[in-house]
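# Summary of the model geometry
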Amino acid sequence: MSRQGWEDSDFPILCETCLGPNPYVRMTRQGYGKECKICGRPFTIFKWNPGQGMRNKKTEVCQTCAKVKNVCQTCVLDLEYGLPVQVRDSVLQVQDDIPHSDVNREFFIASVEGKLGNDSLINYAKADSSARDQLKKMSRPEPYYKRNRPHICSFYVKGECKRGDECPFRHEVPVENDLSHQNIRDRYYGKDDPVAKRMLNRTDKASKLSNPEDTSITSLFITGIDEEINEQDLRDYFYAFGEVKSIVVIQKSKCAFVNYATRAAAELAVDKSYNNLNIKGKVLRVQWGKARPQGPKGDVQTEVGTVVPTPQPAKQGTTLDQLLNMPPAPPPPGAGPSFYPSQDPNMLGTSNREFRA
Ligand SMILES: [Zn+2]
Ligand SMILES: [Zn+2]
Ligand SMILES: [Zn+2]
């Protein structure tokens with residue numbers, strides 16, 4: 001470090017994607033070539049081409065700023081997982097303690113400058129393993145070289161590019177959406193990053209199963225069952241959420257139906273068990289059962305108000321889709337007062353043997 005804390009470096013801190021597939025890529029280096037887009041101090045700019053047909057890249061933020069957040073100096077994405085800072089930090093639940101006002105920020109960067117060495121302020125080892133697993137799941141398994149493609153040709157967009165195939169820019173119509181408006185500071189500080197917002201929304205949805213609108217559905221469909229898991233094991237787990245009307249295990253198809261007496265109990269069970277069900281060391285999957293098929297003709301209205309489908313010939317072999325479309329299964333023999341006529345095995349549209357297997 002020289003010149004009142006300006007940054008001088010020999011090699012940039014880059015992610016694999018920005019570097020490109022060739023590790024021996026030629027770089028030009030320009031000492032104090034530009035001001036860092038975060039801290040504003042002059043730093044060493046590196047420029048290179050990450051591969052044939054790709055656009056030239058250069059470093060945008062200084063090494064100290066990159067180290068503070070453990071991000072690539074060019075794309076400002078997390079170096080370990082290639083994810084936006086906002087995604088990483090919300091999964092790891094780390095707080096941003098960098099001051100946002102210019103004066104304080106300069107002071108902060110200067111104060112960590114000497115202490116950081118080759119380390120980052122982000123310590124993944126301290127995070128619990130499920131958070132790290134989640135980051136891994138969200139990240140791309142391979143470098144994403146497509147990100148290094150040339151920018152879209154602005155003349156082409158206006159219909160004015162005359163260079164045709166010779167044009168080094170991409171001839172594509174840009175998609176205008178919330179992702180078109182990104183800025184490097186938001187990305188760096190992990191605030192209001194549209195890409196992060198999308199990713200986090202997606203995971204939120206993935207970690208929750210939405211409840212079917214048809215509130216008559218009170219059955220859960222469980223997959224991943226094997227010989228070691230029996231009806232009692234399922235009952236032991238699922239009764240905690242409310243009265244279980246019946247449980248039917250179909251070993252042949254490695255699945256089971258759990259039928260609750262109330263919708264509220266079924267919702268609670270789904271909420272607590274979706275992506276989070278482990279019985280006897282086996283990971284099981286929970287989904288909602290489907291509504292019983294309701295044909296326009298021939299259906300029987302029973303006194304309890306449920307529609308019983310007309311019996312159909314039993315099918316050979318049962319596909320997953322058919323299983324999902326099965327009506328709630330009948331209670332085990334000798335079940336108590338919660339037996340409904342609509343659950344009479346003789347009246348169901350599928351073979352009884354399937355249910356008792
Ligand atoms: Zn900087
Ligand atoms: Zn990068
Ligand atoms: Zn063009």
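This one's a predicted model, so the numbers in the text were calculated from it and none came from an experiment.

### Digging into the coordination of the zinc ion (ligand 1)
- Within the protein, Cys36 (SG), Cys39 (SG), Cys62 (SG) and Cys65 (SG) serve as the donor atoms for the zinc ion (ligand 1), at 2.3 Å.
- Written as a sequence motif, the donor residues of the zinc ion (ligand 1) are C-x2-C-x22-C-x2-C. Taken as a pair, cysteine 62 and cysteine 65 share a single burial class, namely buried.

### Some details on the sheet that holds strand E2 (residues 42-48)
- Spatially, 3 strands are ordered E1-E2-E3 in an open sheet, and the strand pairing comes out antiparallel. Of all the strands in the sheet, the pair left with one neighbour each is strand E1 (27-35) and strand E3 (57-58).
- Where E2 meets E3, 2 bridges bridge the pair, whose relative direction is antiparallel. Residue pairing across strands places tryptophan 48 opposite lysine 57, the latter belonging to E3.

### Let's talk about the layout of surface pockets
- Put simply, the second largest pocket is a space of about 560 Å³.
- If you trace the second largest pocket, you find 18 residues lining it, with Ser130, Gln134, Lys137, Thr203 and Ser207 closest to the centre.
- Listing elements by their share of the lining of the second largest pocket, those giving two or more residues are helix H3 (85-92), helix H5 (129-138) and helix H8 (194-206).
- By residue number, the principal contributor to the lining of the second largest pocket is H5, which donates 6 residues.
- When its residues are assigned to classes, the lining of the second largest pocket shows 7 nonpolar, 7 polar and 4 charged.

### Looking at the pattern of salt bridges
- Overall, the coordinates contain 12 salt bridges when judged by the stated rule.
- Among the salt bridges present, the one from lysine 58 reaches glutamate 60, with a minimum N-O distance of 3.3 Å.
- A relative accessible area of 23% means that lysine 58 is categorised as partly exposed.
- The salt bridge partner of arginine 88 is aspartate 78, with a shortest N-O separation of 2.7 Å. Taken together, the residues span a long stretch of sequence, with arginine 88 in helix H3 and aspartate 78 in the loop between helix H2 (63-69) and H3 at a distance of 10 residues.
- Exposure remark for arginine 88: the relative accessible area of 0% places this residue in the buried category.
- The exposure class assigned to aspartate 78 is buried, which follows from its relative accessible area of 1%.

Reading the values: the criteria
Residues numbered from 1 in each chain as written. Chains lettered and ligands numbered in written order. Predicted model: local features only at pLDDT ≥ 70, side-chain atom pairs only at ≥ 80, totals over all residues. Heavy atoms only, no water. Donors = N, O, S within 2.8 Å, 3.2 Å for Na, K, Ca; no water. Buried < 20%, exposed > 50% of the residue type's maximum accessible area, 1.4 Å probe, protein only. Pairing = 2+ DSSP bridges. Helix = DSSP H or I, 4+ residues; strand = E, 2+ residues; numbered from the N terminus. 1 Å grid on protein atoms, 1.4 Å probe; cavity = no way out; pocket = protein on both sides within 12 Å on 5 of 7 lines; lining within 4 Å. Points joined across faces, edges and corners; volume = space filled by probe spheres on them. Nonpolar A, V, L, I, M, F, W, Y, C, P; charged D, E, K, R; others polar. Salt bridge = Lys/Arg side-chain N within 4 Å of Asp/Glu carboxyl O.

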